[in-house]
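What follows is the residue order along each chain.
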Amino acid sequence: MSKLRAAAVGGLRRSGRRAASPAGQSRKGALLRGASAPTPLLAQHLFSDPAEIQSLRGNLLPWYDKCKRDLPWRTLAATESDADRRGYAVWVSEIMLQQTQVATVIDYYNRWMQKWPTLQALAQASLEEVNELWAGLGYYSRGKRLQEAAKKVVSELDGRMPRTAELLQKLLPGVGRYTAGAIASISYGQATGVVDGNVIRVLCRLRCIGADSSSPAVTDWLWDMANAVVDRSRPGDFNQALMELGATVCVPKAPLCGECPVKKQCRARHRKLLGKPIPVPDVEDCGKCMGRSLLHLCFLSPTATVTLVFAGVGDCPLCPPAAEPWDSSLGVTNFPRKAAKKQPRAARTATCVLERRGCHGAPEYLIVQRPSSGLLAGLWEFPSLPVAQGLQEEKQREVLADYLQAWMGQPVAAEGLQFIGEVVHIFSHIHQTYVVYCLLLDGDVTLDPSPSQSRWVTEDEFHASAVSTAMKKVL
């Protein structure tokens, strides 16, 4: 239940009747009132008509049955009879699909499930094995948290997966609200909604929600809506249908509106076709308002409809802000809207490819292991050292040479480092530039035994190790 809804319901329960406005209360404060129906101001943003909800389900589910993509995790979810293995199969897919495209995930998923088909098998694996299989998938902490949670299920929950979204989120580390809802609805039939990027886009277009979709208030609204419309008899299929619609039809750019099974319920499309929004009465005509410039946030509860009335600007809190009005050239892609992303910070790292000749004459390269926490935790890389922006090239060589000496246990001449070039890799929050040097070593070089997390590898061994995509760009 959202904070706004909880506050409203709590106020009614405490009073047992409609909450009255205290004498002298500022009109800038929130006033609580009971209502028998949603206020017209926000009616266009609700699924308040049961018949419309039934129509949405009736149109979406047959489309999904006919058009859904054949994906390995869907096959397992539909055919696996063991409830714990079914939940595990869905869980792995949902973690891999976070911030990662379906086409990329399929091969990783198949290899993962072949190697660790059960929770018990994953719990017995080493973190090194997990990182090696995850390498290249990005957001590497996901694999680590997934294994940690699997170990907890095996050791503390007797190998039994929690069966509800509430317990999944409470008991399993790394499982958030969305992942818990997906597992519970798809694997165990719990009638709970889900909200991910695809669902946000679909719901915002269906209901013309133009406020910042990443804001907590709008996020709560979308979760309430997802829980209201989810099909009670086929919750997992319905949630997957919403996500499938967003991934294949209601896409961010150039959506295929003509092929959409729920276009009749889409108010963004209605506005595009008519060139204007669905008529909504002026706020001053909304019932017996306390005065002008009041906003109404309506929620449907099992016992009553509660209206929170806010004083402030005269615009609807879910419509596009006045500073960003409807752009007719964008059509339905006016929705959703998000706050501008924070630009990734720039970082520079000096990296050295140390090469020696192995016992059979083939080149070998020194790789070292990153710390067990932080960015790219536990992965292997060429010896690398963060350097300040604007550091002169001569000084950069010197600090890198000093760093290499700590690994090799012998002096390294800065002038011996050969500059190769720069490699750029974009992480979600970092624009990383690797300044790459190489150093060819003569004869057999023995590493200083003090830093144990290092080893010499061939090129094939390097690519088979748990190394990041960024490091693969370097070699």
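Structure first, text after, so check above.
Figured I'd write up the structure that's included with this text. Every residue gets a number counted from 1 within its own chain, in the order that chain's sequence is written. pLDDT decides what is reported in this predicted model: residues at 70 or higher carry local features, side-chain atom pairs at 80 or more are listed and counted, and totals for whole chains, interfaces and linings draw on all residues regardless. Remark: hydrogens and water are excluded; side-chain values derive from all non-hydrogen atoms of the structure.

Topic: unusual backbone geometry
Thought 1: For the peptide bond that leads from Phe335 to Pro336, omega is -5 degrees, which places it in the cis range.
Thought 2: Going along the chain from the N terminus, every DSSP run of H or I of four or more residues is numbered as a helix, and every run of E of two or more is numbered as a strand. Secondary-structure assignment places Pro336 in the loop between strand S3 (305–311) and strand S4 (345–357).
Thought 3: The phi dihedral of Leu376 falls on the positive side, at around 55 degrees, and the residue is not glycine.
Thought 4: Position of Leu376 among the secondary structure elements: in the loop between strand S5 (363–369) and strand S6 (380–381).

Remarks on the side chain of Glu94
Thought 1: Looking at the element boundaries, Glu94 is found in helix H5 (residues 83–97).
Thought 2: Each residue gets one of three labels from its accessible area relative to the maximum for its type: buried under 20%, exposed over 50%, partly exposed in between, using a 1.4 Å probe on protein chains only. In this count, Lys and Arg are taken as positive residues and Asp and Glu as negative ones, while His and the chain termini are left out. For this document, the term salt bridge refers to a Lys or Arg side-chain nitrogen within 4 Å of an Asp or Glu carboxyl oxygen. Although buried, Glu94 forms no salt bridge, and the nearest oppositely charged side chain, Arg74, lies 8.0 Å from it.
Thought 3: Ignoring any residue separated from it by four or fewer positions in sequence, one finds Glu94 in contact with Tyr178, Thr179, Ala182 and Ile186. Any pair of residues with heavy atoms lying within 4.5 Å of one another is described as a contacting pair.

As for the nonpolar core
Thought 1: In plain words, nonpolar cores are sets of buried Ala, Val, Leu, Ile, Met, Phe, Trp, Tyr and Cys residues tied together by side-chain atoms within 4.5 Å. Ranked by internal contacts, the top residues of the largest apolar core, which has 105 residues, are Tyr88, Trp91, Met96, Trp112 and Leu245.
Thought 2: The leading source of residues in this core is H5, at 8 residues.
Thought 3: The split into domains, and so the bounds of each, comes from an automatic or database assignment of domains. Both domains that furnish three or more residues to this core are identified here as domain 1 (40–249) and domain 2 (345–473).
Thought 4: Every residue in contact with Met96, bar those within four places of it in the chain, is listed here: Val105, Tyr108, Tyr109, Trp112, Trp134, Leu137 and Arg142.
Thought 5: Of all hydrophobic cores here, the second largest spans 19 residues; its members include Ala401, Leu404, Leu417 and Val435.

Remarks on the packing of helix H11 (residues 177–188) against helix H14 (residues 235–248)
Thought 1: For the pair H11 and H14, interaxial distance at closest approach is 7 Å and the crossing angle is 130 degrees. In this view, H11 runs oblique relative to H14, as classed from their interaxial angle. For H11 against H14, the interelement crossing comes out left-handed. Of the residues in H14, those in contact with Tyr178, Ser185 and Ile186 of H11 are Pro235, Gly236, Asn239, Gln240 and Met243.
Thought 2: Here the nonpolar group is Ala, Val, Leu, Ile, Met, Phe, Trp, Tyr, Cys and Pro; Asp, Glu, Lys and Arg are the charged ones; every other residue, Gly included, is treated as polar. Of the residues that constitute the contact of H11 with H14, the class distribution is 4 nonpolar, 4 polar and no charged. As a rule, the C-alpha atoms of each element are fitted with a line to give its axis, helices using only the stretch in contact, and angles between N-to-C directions run from 0 to 180 degrees. Working rule for angles: under 35 degrees goes down as roughly parallel, over 145 as roughly antiparallel, 65 to 115 as roughly perpendicular, anything else as oblique. Take the far helix as the reference: if the near one is turned anticlockwise from it by less than a right angle, the crossing is left-handed, and if turned clockwise, right-handed.

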